[in-house]
Structures are given as C-alpha cells and as structure tokens.
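# Descriptive structure summary
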Amino acid sequence: MKLPSPDDGALLHRPSPHESGRRHVTGEALYVDDFPLPPGTLVAAVGLSPHAHARIRHRDGAAALSVPGIRAVFFAADVRGDNCIGPIVHDEPLLAEETVNCVGQVVALVAGESSTACRAGIAALQIAYDPLAPRLSIEDAHAASDFIGPYHLINRGDFAEGYRRATHRIEGTLHTPPQEHFYLETQVALAIPLEDGAMHIHSSTQHPTEVQHMVARVLGIGYHRVVCEVNRIGGGFGGKESQATQVAALAALAARATNRPVKLWLDRDTDMAITGKRHPFRADYRAGFDADGHLLALDVVLYADAGWTTDLSPAILDRALFHLDGAYFVPAARFTGRLCRTNLPSNTAFRGFGGPQGMLVIDTILNRAAERLQMDPAEVRRRNAYADAPRNRTPYDQEVRYNRLPRLFDELLPAARYAGRRQAIEAFNAGSTYVKRGIGFQPVKFGISFTKSMLNQAGAYVLVFTDGTVQVNHAGTEMGQGLHTKILAICSAELGVATGAIRIMSTSTEKVPNTSPTAASSGSDLNGQAVQSACTTLRHRLIPIAAAMLGVEETDELTFASGLVSLAADPARSRTFAEVANAAWMARIPLAATGYYATPGIHFDPATGTGEPFYYFAFGGAVAEVEVCSLTGQYRVTRVDILHDAGNSLVPSIDRGQIEGGFIQGLGWLTTEDLRRDPAGRLITRGPSTYKIPSFGDAPTEFFVRLLDRAAQPGVIHGSKAVGEPPFMLAISVITALRHSMRACGDSGSGVELSLPATPESVLRAITRQRS
Amino acid sequence: MTSLRFYINDELIEESEASPNTTLLRYLRDRRGLTGAKEGCAEGDCGACTVVISGESPAGEPLLRAVNSCLFLLPMAHGRRVYTVEGLARNGTMHAVQQAAVDTLSSQCGFCTPGVVMSLLEAHYRDDLESNPAALDDQLCGNLCRCTGYRPIREALVRIAGKGQRDDDIAGPIRASPPVGRQALTYEADGELYQAPGTLDEALSVLAAEPRCRIVSGGTDLSLEVTKAHRRFPRLLSLENVPELRAIGRDADSWHFGAAVPLADIEQATADTFPPLARMLRYFGSRQIKHRATLGGNLCTASPIGDCAPVLLSLGARLRLRSREGARELPLDELYTGYRATALLPGEILTDVTIPLLPADARASAYKVSKRRELDISAVSAGMLVRIGPASTITEARIAFGGMAAIPKRALAVERELVGRPWTGEVVARAVAALEQDFTPIDDHRASAWYRMSVACNLLCGFFEETRARHLPALPPLPSSTLNLESAP
Ligand SMILES: Cc1cc2nc3c(=O)[nH]c(=O)nc-3n(C[C@H](O)[C@H](O)[C@H](O)COP(=O)(O)OP(=O)(O)OC[C@H]3O[C@@H](n4cnc5c(N)ncnc54)[C@H](O)[C@@H]3O)c2cc1C
Ligand code: FES
Ligand code: FES
C-alpha cells in the first residue's frame with residue numbers, strides 16, 4: 001500500500017496514514033500523564049476496599065494527613081456537592097458511604113506532593129470494616145433475587161409451537177467470559193482549578209460531557225464552570241466511556257479543596273482492580289431445528305453480571321438481546337434478559353457492548369446443531385442467514401435492509417477456498433494422531449446506532465482563518481480508532497484544502513457542548529455528518545465572495561479543491577481558498593460555523609420489544625483455521641481470511657486497522673484472556689504478567705483482510721459504515737474451528753463441550769472429554 | 001563517590017542525585033522530561049517502556065539492545081548510550097523505522113508505539129535476525145499492542161529488519177563506544193549504595209563486608225520488588241561488570257556459562273547446536289527480558305516455575321559457587337532446598353554453570369506450556385533426556401519438571417521406571433503412571449492440578465514420539481505446540 005503524503009488533498013476513500021502517526025512514532029504525541037505539570041501540582045492516590053461487601057465501622061484520616069507531604073485526605077463526607085457519579089441511575093457513590101460493595105471500591109482519596117507520600121498516606125488510613133456476605137456470581141445474585149431493573153423482553157412468533165415441531169432440540173447453558181479492556185494507557189486525569197470556582201479537566205475519557213457533568217455535580221457547581229478537554233486517549237474500547245469519570249471527579253475534588261492542580265493516574269494493578277470489565281453472561285437456551293438444520297424456535301434467558309451498580313448495564317443487556325439472532329433469521333423467538341447485581345466492580349461498556357455475548361450464544365447453538373446433524377457448520381449458517389422476505393425481519397421486528405450476508409457467503413467462502421480446505425483438513429486429521437486442524441466460518445451482522453435514541457446526535461464547530469487554514473472541533477474523541485483521520489479526510493474534501501492546512505483540535509466541552517460518548521462505533525457517522533454540515537455552511541458563505549472575485553454569477557458552479565476555489569466550467573479561473581477566506585473577512589462574513597447531525601428515524605419500544613433501534617446494519621465474515629496439539633491443548637491460529645463491509649470506506653487503511661485489531665481483541669476474549677478472582681472476590685490477574693492479551697505471535701501470519709466493494713450505504717456519510725465494533729465478533733470463527741478440530745479427536749456422543757476462554761487447559765479438557 | 005555518566009540520545013548525562021533504586025523509565029519521564037517511553041505495567045510485560053541501550057555481543061562487539069526501562073535501574077546505564085523514541089529523528093526527518101511504522105499504520109492509539117519503535121530500531125541494526133516468522137515473533141513479542149492486531153507491525157518489521165547501516169548516526173556512535181559494563185562503579189545517592197565491582201574478588205569482599213547487600217544481576221526479577229512492592233534496596237551489588245561472570249566457553253565435554261551472561265547471548269551461542277536449550281530459550285520471556293535476564297539470576301531466584309532449571313536438571317548441569325572462603329561445586333539437583341530456598345550460603349555467589357555436552361546416544365528435548373505461547377510464565381515446563389544403549393535399553397533417564405512442585409525437580413520415580421527397560425511406547429506409558437508418586441501439583445490461576453498432571457504425562461509421551469525420528473528435535477518455524485509432532489503419523 002503506497003500512502004499519499006498528507007498534502008495531496010482529497011484523501012477520501014483512499015488509504016491514508018493515521019493523523020497522529022508521525023507524532024506517535026516520534027514520542028511527540030502527548031497523553032495526559034505526559035503533560036508538563038503546572039507548578040504546584042499535587043498527585044493523588046486512592047484508598048480501596050479490601051472487602052467485597054462490608055459495613056464501614058470507622059474511618060479516620062488524621063494519621064494519613066500527618067504523613068509528610070500529604071496535603072489532603074477525603075472521605076465521602078468531604079464531598080461538598082453530590083457524592084454520586086452513576087451515569088444512568090444515581091446509584092454509584094464517588095467515595096464509599098456506609099457500605100462497600102466490591103473489592104477495590106474507592107473509600108478514600110489522598111493528595112500529596114509525591115506518589116511516595118501518597119502511598120504512605122494511603123497506608124496510614126485507618127478504616128475499619130464489618131464484613132458482610134458477598135455475592136460473587138450470577139448464581140449468587142439469582143438465588144438472592146438481587147436484580148437491577150426489570151426483565152428485558154423480546155418476543156416474536158410462537159416459541160412453544162416451533163419447539164414442538166422441531167426434530168432436533170438443543171438445550172444448554174453457556175457462560176461467556178469477562179474481559180479486561182487493557183487499554184495500554186491506564187485511567188488518568190489532571191484537574192486544574194481556575195478562578196471563579198471553575199475547573200479545567202484533562203481526562204482520558206471517551207465521554208467528555210459526562211466528565212463535565214459529574215465533576216460539576218461533585219463540586220456542586222453549574223456545568224458552565226467545568227471544561228473537560230481530551231487531547232487523545234491511549235486506548236478506550238469502552239472502558240473509558242463511563243468509568244473515566246470517577247478518576248476525573250476525584251482529581252477535581254482534590255483540586256478544588258487544595259486549590260492546586262491535581263493529577264490522578266492509576267497504575268496498572270489499581271486500574272485493573274477497580275474498573276469494570278466486559279459483562280460475563282450466563283445464557284440458558286433451548287433451540288429447535290428441523291432435519292435440514294433450519295432454526296425453528298429459540299428461547300434464551302440471559303443473565304448478565306452487572307457488578308455492584310447500574311452503570312451502562314441496561315443498554316448493554318438490550319444490545320445483547322438485539323444480537324441473540326446473530327446473522328440468522330429466527331422464526332420464533334423468546335428472548336429474556338435480566339441484570340444480576342453482584343459484589344464485583346461494576347461491569348461496563350466494552351467493544352460490542354453486549355453484542356458479542358449475544359452472538360456467541362446463537363453461534364454456539366448453531367455449532368452444536370451442526371455437530372448433532374453431522375453438517376458443515378458453515379452450511380447451517382448459510383441456511384439460517386437472513387435472506388429475502390419473509391426471512392428478513394429481526395425478532396424485534398426491524399427489517400434487515402441492504403443485507404450483505406448473501407454476498408459474504410458467495411464471495412468469502414470461495415475466496416478463502418473454504419470447502420477445499422475443509423476437505424483437506426479432514427484428510428489431514430484422519431492421518432494425524434496428535435495434531436489436529438480445524439476451520440470455521442463466522443458471519444456477523446451488527447446493529448449500528450446507540451440503542452438509547454437521544455445519544456444519536458453530534459455537533460461540530462469549524463473555524464476558517466484568513467490565511468485559509470482551518471480548525472475543526474467535533475464531539476468525538478480520538479482513541480486510536482482513526483476518527484480524526486476520517487474527519488480530516490471529510491473536511492479536506494468539503495473545503496478543498498490540503499490536510500496540512502487543517503488542524504483537528506482536542507475535544508473540548510467548551511467547543512462542542514452536550515455531546516454523546518465516542519462509542520457504539522458511531523464516531524465517524526455522527527461527527528462526520530456534523531463536520532460536513534458545518535463545512536457546507538461555510539462553503540455557502542464563501543461562494544458569493546468567490547463568485548464576485550471570479551466575476552461570475554453566484555449560481556455558477558464553483559468547486560473547492562486543491563486549495564483553490566474555481567469555476568467548474570473553467571477551472572483555470574480560480575482564487576486560492578486563502579484569498580477567498582480573507583476576502584470574506586474583509587466583507588465581514590463570519591468564518592466560523594457550527595454543524596449538527598441527528599440520526600433520523602430510529603426508535604424502540606421496550607414495552608413491546610419492537611422497533612427500529614438501528615439505523616443500519618454492518619456485516620462481515622471470517623474464515624479461521626487452527627492447528628491444535630491434542631497432547632497439550634496448545635494451538636495456533638494459522639490463517640484468517642476476512643471480508644468486511646465498511647460501506648464505501650472513508651479511509652480504507654484506517655478501517656483495515658479496525659478490522660484486524662477488532663478481530664485480535666475478540667480472539668483474546670475467546671482464547672487467552674482468563675480473568676480470575678479469588679473466593680473473596682479479589683482480582684488475581686492484575687497485570688499483563690498474569691492476564692494475557694494476545695501478543696505478536698498470536699496474530700496469524702496469514703491474515704488476509706478485504707473490504708467488500710460496491711457496498712455504499714445510503715444515508716451515511718459518503719456511503720461509509722461504522723467499523724469499530726463489528727469485526728470483534730469475527731473471532732468466533734476461531735471457536736468454530738477449534739470445535740472442528742476437536743471432533744477429529746474422538747466422539748463423546750454428546751458433542752463438543754468447550755468452555756471459554758479456550759485456554760490450552762480448556763482445550764485439553766474438551767479433547768479429553770471427546771476421547772472418553 | 002562517582003557520578004553516573006551515560007548518554008541519553010547523544011547528550012552526556014552526569015547524574016549524582018537520583019537514587020540507585022530509580023528505574024530508567026521513571027528517570028526519563030520524571031527527571032528528564034522525556035515522556036516518549038510509557039509506563040504500561042512496570043513489570044516488564046507490556047513493552048511500552050522499551051528503550052535501546054548500547055550493549056555488546058558475546059564476542060565483545062558493541063551493538064544495540066532493546067530493554068524494558070521499567071526494570072532497568074539507573075546505575076545500570078553507567079557507561080552506556082541510551083536511545084529513546086525522541087532521539088531518532090534527524091533535522092525533522094524521521095528515522096527509517098519511524099517512517100515504516102507510519103507507513104504501515106503500526107500505531108492506532110499510539111501508546112504502545114514508542115516501545116514498538118524501539119524494538120523495531122534494534123531489529124533494524126541486527127545482523128543476525130532471520131526473516132522467518134518465529135524470529136520475528138521473538139523480536140516483537142515483548143511489545144503488547146491492544147489496538148492494531150499486530151499485522152501492520154509485522155509488516156513494518158519485515159520492511160526494516162536488518163537494513164540498518166553499521167555506521168549511521170545511531171549505530172555508529174554505539175559501535176564506536178568503548179565496551180560497556182567493564183568499568184567498576186560505586187554510586188551512592190539518597191543514602192543508597194550501588195556497587196558494580198570489576199573483579200570477582202572485589203564482589204566477594206563487598207558481599208562479605210555487607211551482609212545486607214542484595215545481589216543484582218540483570219535485575220529482571222529484583223526490580224519488580226522496586227516497582228511493584230515499592231521496596232528500596234539500601235545496598236545493591238551488581239555482577240554485571242565482572243568479566244569472569246560474563247564468559248561463555250565450550251571445551252571437549254562441556255559448555256560453560258558465566259552466571260551473569262544474559263540469556264540472549266546463551267541463546268545465540270547455542271541456537272543451532274544445542275536444541276534442548278534453544279527450545280527453552282525461544283519461549284523464555286521476551287527479547288527485552290532476555291537481554292537482561294541472566295542464567296544465574298534465573299537459577300538463584302529459585303522460582304518453582306523458573307524455566308532454566310528443568311532443562312538444566314535434565315542435562316545434568318553443575319554449579320560453581322564462590323565466597324571469600326573459597327569455591328565449591330554443586331550439582332544443580334542439590335541447589336533447591338525448599339520453596340524459593342537455595343543451598344547458597346550467605347556471602348556466596350553462583351559464578352558459573354557447566355553443562356555436559358550431549359552424549360551421542362542421548363535423546364533430549366525441552367518443553368514449556370503456558371496460557372499464551374510467548375512471554376508467559378509456565379504452567380508446566382520440562383527438560384527430558386534419555387540415553388539409549390544396546391538393545392534399545394534405557395541406560396540413563398533425567399526427566400525434570402517445573403510448575404509441578406514447590407521447586408523444579410526431577411521425576412525420580414519415573415526415571416526408575418525407565419532405566420534398564422527398553423525405550424518403547426509401552427514402557428513410557430507405564431512410566432508415566434509413576435508421575436503421581438513424584439508430584440502433587442497445585443491449582444492456581446495459571447493451571448489446575450489436573451492440567452499440570454495431564455500435561456506432564458503427555459509431554460513424556462510426546463517426548464517419546466518426538467525423538468523417534470530425530471534424537472535432538474528442534475522446533476519447526478511456526479510451532480502450534482511445545483511438542484513438535486507434526487510429522488508423527
Ligand atoms: C516480563 C518478564 C518475563 C519473564 N519471563 C520468564 C520466563 O519466561 N521464564 C523464567 O524462568 N523467568 C522469567 N522471568 C523471570 C526472570 O526474568 C528470570 O528469573 C531471570 O532469569 C532472572 O535473572 P536476572 O539476572 O534478571 O536476576 P536478578 O533480578 O538480577 O536476580 C534475581 C535473584 O537472584 C539473585 N542472584 C542473581 N544472580 C545471582 C548470583 N550469580 N548468585 C547469587 N544470587 C544471584 C538476586 O539477588 C535476586 O534475588 C520473567 C520476568 C519478567 C519481568
Ligand atoms: S512498563 Fe510495561 S514493560 Fe515496562
Ligand atoms: S496502538 Fe494502541 S496499544 Fe498499540
């Protein structure tokens with residue numbers, strides 16, 4: 001891939017480097033912990049609950065306060081405003097009140113001159129607890145009927161009838177594993193107190209507006225006195241959507257009280273111990289199939305481990321239910337979901353937002369059906385995939401429009417030589433005693449939009465200067481996903497100026513207010529449209545000026561390209577964009593414009609479980625091959641072929657990165673990432689030495705990614721599609737491949753039983769069972 | 001008292017105030033305002049802190065080494081050149097490795113990138129980096145990236161590996177610099193003392209005079225106490241500058257490795273000639289770790305899951321220990337006296353390790369099983385050697401395991417089952433049952449007792465299968481397992 005230089009202009013739909021790439025590789029790119037600190041800055045540290053559940057009998061910070069270098073100690077009672085940071089429901093105290101409800105809950109905050117002083121301060125805190133019985137699993141919470149919110153329901157057709165008619169019935173329980181975000185940059189915020197009670201927060205957050213709101217509430221001041229600014233984030237993946245607010249609010253609390261800037265940076269152990277994870281789910285399912293492998297009826301009860309507060313869990317459960325259909329038509333569906341409250345850190349958003357958990361359920365069921373029916377699992381998937389009417393409506397009664405699944409089957413399977421390789425693998429397995437291979441195919445359909453409709457809006461603020469340079473402000477945060485690169489391409493195309501003349505500003509609540517989090521894969525859809533609309537406004541203001549300069553009519557068509565405004569009919573007649581901008585200023589025309597976008601037409605009614613929660617669907621397919629050692633359970637993903645639908649990709653090089661990165665992150669969730677807690681609820685796997693995300697050698701050396709061509713999506717910016725989350729679920733192909741290899745190890749009669757994550761131990765257990 | 005003298009990005013630094021317990025990472029970030037290197041874990045596992053230092057090949061030739069600055073104590077930089085990601089561009093032009101990383105989109109959030117770039121830099125100037133996928137994996141497995149999925153980084157690595165000019169303005173100064181690690185150092189700051197004597201006698205004297213003194217070799221274990229437990233050692237004795245401890249030798253019947261030889265050097269010396277050791281070292285830590293971790297440190301830290309001990313036990317390694325009182329020899333079998341306890345007496349240093357060459361009738365291999373193939377701690381590791389005499393009779397068996405007990409140890413009951421019997425699948429299958437007499441492994445987050453025992457049994461069976469065709473089997477380029485059974489029917 002030959003990349004154009006940043007000044008080639010018009011980068012849309014062409015591969016382009018990452019907007020910050022050059023700064024990343026030179027060390028120039030700054031993250032919050034890298035900022036030069038204002039004089040007098042204090043650092044802060046958190047005092048954590050050692051108990052999963054306890055009443056706080058006594059708390060005393062006097063000894064901590066007398067530690068040299070400690071400037072302030074805080075407990076809940078020291079919060080002047082509202083001691084609460086729950087994003088949806090007000091059930092999450094910033095600092096623990098009467099009880100603690102998970103190991104790692106923040107009970108105290110100290111601020112001091114150095115991290116050494118803070119550590120000593122934390123050690124000197126005197127806090128006494130009366131332990132209470134904790135609930136540490138979905139089963140514990142279920143037994144105690146400790147749920148958050150009501151049942152979530154989606155019902156379509158007559159399950160009982162479909163199940164009765166089925167020739168094959170598959171029942172079971174699936175536990176989906178939790179997952180630590182392991183963003184490389186841990187949570188961090190720098191709070192700088194300003195005059196008049198104001199506060200400026202530099203935060204590593206995906207949701208600057210929520211940080212602004214929570215800081216204001218905790219300090220008991222109006223939102224207008226708080227600015228939250230985000231330069232860039234060292235990885236978020238959902239873990240900094242709601243859970244960055246706590247760190248920011250704590251820093252602000254200390255900054256206000258001491259009237260000094262305060263930085264709170266969590267080391268890796270602390271970050272992992274106190275933040276929420278991907279929700280583990282338990283799914284109890286019953287599915288009925290006909291003799292040809294068609295799914296007739298599906299009943300699933302989902303229980304999600306929400307942890308100790310609501311956080312974003314209701315929306316995550318909704319998305320899980322919305323994705324229980326996977327890529328398949330379910331004629332009769334009864335989907336029920338419930339959130340279980342446990343004494344664990346509150347689980348939170350993570351790439352896919354419940355979608356992967358939902359999809360894993362139906363794809364496990366299809367794998368089991370294929371094994372039962374002795375069919376190729378890819379064929380079972382083809383038979384069940386969404387197709388033409390009437391097999392095109394989801395259980396929540398949304399039509400699957402622009403369905404790319406047939407194309408994925410027709411183009412990816414032959415391109416990856418699926419059938420031939422499957423045959424070759426079976427021949428290999430027949431002749432190989434210890435080494436077994438397997439292949440798996442996974443189609444993905446993923447709904448795009450926040451399922452909470454009001455979040456589907458974004459704003460932008462674009463400023464043109466008299467030298468023709470441009471600043472772009474928008475509501476989204478850059479966390480590596482390439483949003484700024486896409487915005488740059490959009491803005492450059494709209495105004496016809498080189499990307500070198502455009503600067504994407506840090507995301508700030510003082511530039512674009514009341515923003516939604518950068519999440520749900522929606523960043524470029526929403527912000528791209530908002531930026532486009534601001535640029536359109538500016539162009540319309542510049543056209544009369546340019547027309548006058550060129551001596552043509554305002555109605556004559558002008559083009560904005562290559563830094564010039566020219567007459568479409570006679571491109572030689574042109575003025576530079578800078579000249580036009582300057583002339584506009586002379587004519588007293590405003591050179592700054594806002595833009596806004598709200599996704600049209602989405603709605604969902606929880607009472608009936610129906611609606612159109614998604615603006616559109618993104619699709620993708622993957623074929624993965626594995627080689628397994630049946631003596632150790634170790635294995636390698638040897639090859640992956642992906643065909644992904646990114647619409648008419650805004651910047652293909654960026655989208656490819658999202659696809660590859662998403663796949664490998666999904667692979668980690670399903671294979672090596674084995675989060676462990678001890679019986680008291682303490683996290684054992686608290687760093688990369690014990691919690692293993694995929695490393696360099698886990699990525700297949702044969703890793704082929706293609707974007708679906710001719711796939712423009714109507715109604716989305718430049719025909720593109722959201723791409724952040726959907727590829728994550730392509731990794732389920734690896735599980736299907738593993739199951740294929742295991743079937744070659746023997747036949748237990750009851751099908752493959754592979755618990756997840758599929759560590760070598762889990763694989764060896766499954767193989768041992770096959771052999772018995 | 002000496003001050004520390006070293007270069008950071010070609011600037012001479014003289015430091016006399018920073019505590020010897022300061023890590024290079026904290027020093028760069030907190031004291032020099034060089035925030036390129038990041039802290040992602042402070043335990044050597046993420047690589048975001050990777051920097052390149054000047055080091056030397058076993059033959060004494062200066063070269064570049066990528067290391068984890070989070071585990072590298074500041075005095076270790078004395079006499080070296082240190083490069084960080086900020087020091088590579090020249091007059092606004094990016095270094096070739098930086099350009100390659102940009103062109104391949106090897107960065108997304110960019111937080112891992114400074115470390116990735118420094119590992120690429122080392123690869124750029126290596127002249128021994130093979131282009132096969134396994135070698136590339138080894139080069140980069142110490143750099144975690146949560147965003148990219150690694151494909152672009154692999155592409156960048158392929159583009160730049162081995163392309164560096166030996167005399168350009170990064171490699172030139174390093175290659176021209178005087179040999180490092182040969183200047184005795186005594187550094188005191190903040191009331192803490194770091195001594196790196198230039199002779200073994202001096203080292204032994206320091207140790208005899210200072211019972212509170214803690215030995216540090218590569219520091220990859222010891223520094224964790226600084227970064228994780230926030231300990232500060234009042235007295236540190238570094239073995240890095242003692243030439244006798246850094247020698248690699250081979251005579252008619254043995255290999256000799258100084259206790260302070262970095263594992264990367266042992267790996268290089270034995271890669272093609274000593275498959276059991278090479279197989280273990282390939283999956284030991286990461287490149288950055290192996291540049292610092294030493295054989296002596298690995299054996300003396302006495303971890304039940306240390307990877308060197310099992311293979312060395314199977315190979316019959318012998319240790320030399322020295323104190324001011326004199327020297328003694330000890331078979332490795334006698335080093336471990338209990339959980340994390342060794343037979344080393346106060347004032348004693350492990351000076352070198354002797355490994356007999358493999359007899360012609362030996363079959364030997366080594367295995368490591370962990371959750372993740374690379375840069376992970378073993379669930380089970382093993383070293384196995386059998387000698388097969390006339391009539392296919394087993395004349396000697398040395399089967400050792402790590403992860404199966406409180407110390408790395410041999411499976412003596414299994415060995416008894418084997419010796420004197422013919423080397424057949426049936427005999428091995430019977431011997432495997434004796435593992436239950438040798439070991440009662442534990443359940444922990446790395447593996448269950450069931451898994452440990454099952455894998456131990458299967459490894460022994462696998463060893464039999466693996467050594468049918470080749471007596472000293474090597475690993476294939478892209479192994480899916482620690483066992484190389486691909487060609488077995
Ligand atoms: C990220 C990471 C990955 C790792 N991966 C592995 C792995 O795959 N396999 C594995 O086995 N280990 C691994 N380790 C552990 C560690 O790297 C090794 O044990 C290493 O060999 C220790 O050597 P060192 O020179 O760094 O020891 P140091 O940290 O310098 O010393 C370790 C201990 O040994 C003592 N000591 C050192 N040398 C001597 C001597 N000559 N005489 C007497 N006492 C001495 C020291 O006082 C200290 O107590 C890993 C560590 C990290 C941080
Ligand atoms: S900070 Fe993670 S390896 Fe050094
Ligand atoms: S680019 Fe984000 S961790 Fe590598």
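Here the structure is shown first, and the text comes after it.
What you see is a predicted model, and the numbers here were worked out from it, not measured in a lab. (Residues numbered from 1 in each chain as written. Chains lettered and ligands numbered in written order. Predicted model: local features only at pLDDT ≥ 70, side-chain atom pairs only at ≥ 80, totals over all residues. Heavy atoms only, no water.)

Next up on the list: the overall build of chain A. Each helix and strand counted, chain A has 19 helices and 29 strands in total. Computed over its C-alpha atoms, the radius of gyration of chain A comes to 27 Å, within 12% of the 28 Å expected for a compact globule of 772 residues. Taken along its principal axes, the extent of the C-alpha atoms in chain A is 80 × 80 × 50 Å. Sequence-distant contacts, at least 24 apart, represent 79% of the contacts inside chain A between residues at least 6 apart. For chain A, the accessible surface area stands at approximately 24700 Å², while carbon and sulfur atoms represent 51% of it. In chain A, which carries 73 positive and 78 negative side-chain charges, the distance between the mean positions of the two groups comes to 3 Å. (Helix = DSSP H or I, 4+ residues; strand = E, 2+ residues; numbered from the N terminus. Rg over C-alpha atoms; globule rule 2.2 N^0.38 Å. Contact = heavy atoms within 4.5 Å. Areas by Shrake-Rupley, 256 points an atom, 1.4 Å probe, with all protein chains shown as cover. Lys, Arg positive; Asp, Glu negative; His and termini not counted. Charge placed at Lys NZ, Arg CZ, Asp CG, Glu CD.)

As a further point, take the overall build of chain B. Along the backbone of chain B there are 17 helices and 20 strands. For 489 residues, the compact-globule formula gives about 23 Å, and the C-alpha radius of gyration of chain B, at 23 Å, lands near that figure. Projected onto its principal axes, the C-alpha positions of chain B cover 70 × 55 × 45 Å. The long-range fraction of contacts in chain B, counting pairs at least 24 apart against all pairs at least 6 apart in sequence, stands at 65%. Of the roughly 16200 Å² of accessible surface on chain B, 51% is carried by carbon and sulfur atoms. Taking the average location of the 54 positive side-chain charges in chain B and that of its 59 negative ones, the two points are 2 Å from each other.

In this section: the sheet that holds strand β5 (residues 81–83) of chain B. Picture the strands of a sheet paired through backbone hydrogen bonds; they go either parallel or antiparallel. Residue and element names in this part refer to chain B. With mixed pairing, the 5 strands of this open sheet are ordered in space as β2-β1-β5-β3-β4. Edge positions in the sheet fall to β2 (11–15) and β4 (62–68), since each of these pairs with one other strand and no more. Across the sheet, the axes of successive neighbouring strands diverge by a mean angle of 30°, strand direction being ignored. Bridging between strand β3 (residues 50–56) and β5 involves 2 bridges; their strand directions are antiparallel. Looking at the pairing, I53 lines up with V82 of β5. Contacts from helix α3 (residues 113–125) reach β3, β4 and β5, with the element oriented near 30° to β3. (Pairing = 2+ DSSP bridges. Axes fitted to C-alpha atoms, helices over the stretch in contact; angles between N-to-C directions.)

Counting residues at the interface gives 82 residues for chain A and 81 residues for chain B. In this assembly, chain A packs against chain B so that about 6900 Å² is buried in total across both faces, 56% of it on carbon and sulfur atoms. In this structure, the connection of chain A to chain B is made through 10 salt bridges. R29 of chain B is paired through a salt bridge with D34 of chain A; the nearest N and O atoms lie 2.7 Å apart. Among the secondary structure elements, those contributing two or more residues to the side of chain A that touches chain B are α1 (21–26), α8 (268–274), β16 (435–448), β27 (616–629), β28 (635–644), α17 (652–670) and α19 (760–771) of chain A. Here the side of chain A that touches chain B takes 9 residues from α17 of chain A, the largest share from any one element. Along the lines of polarity and charge, the residues of the side of chain A that touches chain B split into 30 nonpolar, 31 polar and 21 charged. (Buried area = accessible area lost by both parts, 1.4 Å probe. Salt bridge = Lys/Arg side-chain N within 4 Å of Asp/Glu carboxyl O. Nonpolar A, V, L, I, M, F, W, Y, C, P; charged D, E, K, R; others polar.)

Of all the 8 residues making up helix α10 (residues 275–282) of chain B, 8 are buried; the element is thus mostly covered by neighbouring parts of the structure. All of the buried residues in α10 of chain B are P275, P276, L277, A278, R279, M280, L281 and R282 of chain B. (Buried < 20%, exposed > 50% of the residue type's maximum accessible area, 1.4 Å probe, protein only.)

A few words on the site of ligand 1. Residues and elements named next belong to chain B. Around ligand 1 sit 34 residues, and of these I215, S217, T220, T294 and D307 come closest. Note that an oxygen atom of ligand 1 is positioned 2.7 Å from one of the backbone N or O atoms of G218. In this structure, an oxygen atom belonging to ligand 1 sits 2.8 Å away from a main-chain N or O atom of G219. When ligand 1 is considered free in solution it has 980 Å² of accessible area, and contact with the protein chains removes 94% of it. Elements that contribute at least two residues to the shell around ligand 1 include exactly β8 (214–216), α11 (287–292), α12 (295–300) and β16 (349–356). It is α12 that provides the largest number of residues to the shell around ligand 1, a total of 4 residues. Its residues assigned to classes, the shell around ligand 1 comprises 14 nonpolar, 12 polar and 8 charged. (Near = heavy atom within 4 Å. Polar contact = N/O pair within 3.5 Å; in protein donor to acceptor, adjacent residues only side chain to side chain.)

Residues and elements named next belong to chain A. Among the structural elements, P50 can be located in the loop between β1 (42–48) and β2 (54–60). Given the relative accessible area of 40%, P50 is considered partly exposed. Leaving out residues up to four positions away in the same chain, P50 has contacts with V103, Y129 and R682.

Moving on to the packing of α19 of chain A against helix α17 (residues 449–469) of chain B. Where α19 of chain A contacts α17 of chain B, the two axes come as close as 11 Å, and the packing angle between them is 75°. By the angle between their directions, the pair α19 of chain A and α17 of chain B is classed as roughly perpendicular. Across the interface between the two elements, P760, E761, L764, R765 and T768 of chain A of α19 of chain A pack against W450, Y451, S454, V455 and N458 of chain B of α17 of chain B. Taken together, the residues that form the contact of α19 of chain A with α17 of chain B break down as 5 nonpolar, 3 polar and 2 charged. (Parallel < 35°, antiparallel > 145°, perpendicular 65-115°, else oblique.)

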